[in-house]
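Observations on chain architecture
Chain by chain, the residues:
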Amino acid sequence: QVQLVESGGGLVQPGGSLRLSCEASGFIFSLNAMAWYRQAPGKERELVARISNTYTTNYADSVKGRFTISRDNAKNTVYLQMNSLKPEDTAVYYCYRNIGFWGKGTLVSVSS
């Protein structure tokens, strides 16, 4: 059974950094693309970053240059390194695997 468990969320000040982790199980992790989505209060869920099975990456324009997605296939884990955080980055961040598999989310709050 597919399971995705996020961790690493919390409260940080604007300009700070945070690294999210998503531990995956129940499938052959190395063969799958993975992604991070986020959902801010009152808004729709949006794609933040994606990484393919061959390590190709894609980012939302709003996070380019600030966020980095990576994966460690030996640990069945995908990461999201978030730097230069802004208040508008505040959201619940979700780990995702196609098609339709979601983690429960981890809250990132950026506030002074």
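Quick note: structure is the one above.
Structural notes on the pairing of strand 8 (residues 77-82)
- With five of its six residues buried, strand 8 lies for the most part within the structure.
- With six bridges joining them, strand 3 (residues 18-25) and strand 8 adopt antiparallel strand pairing. From the neighbouring strand, R19 faces strand 8, where its bridge partner is Q81.
- Here six bridges tie strand 7 (residues 67-72) to strand 8, and the two strands are oriented antiparallel to one another. Within strand 8, the residue paired with R71 across the bridge is V78.
- Linking strand 7 back to strand 8 in an antiparallel pair, the connection comprises four residues, with N76 at a positive phi of about 50°.

Conventions and cut-offs
- Residues numbered from 1 in each chain as written.
- Predicted model: local features only at pLDDT ≥ 70, side-chain atom pairs only at ≥ 80, totals over all residues.
- Heavy atoms only, no water.
- Buried < 20%, exposed > 50% of the residue type's maximum accessible area, 1.4 Å probe, protein only.
- Helix = DSSP H or I, 4+ residues; strand = E, 2+ residues; numbered from the N terminus.
- Pairing = 2+ DSSP bridges.

This is a description of form; function is not addressed.
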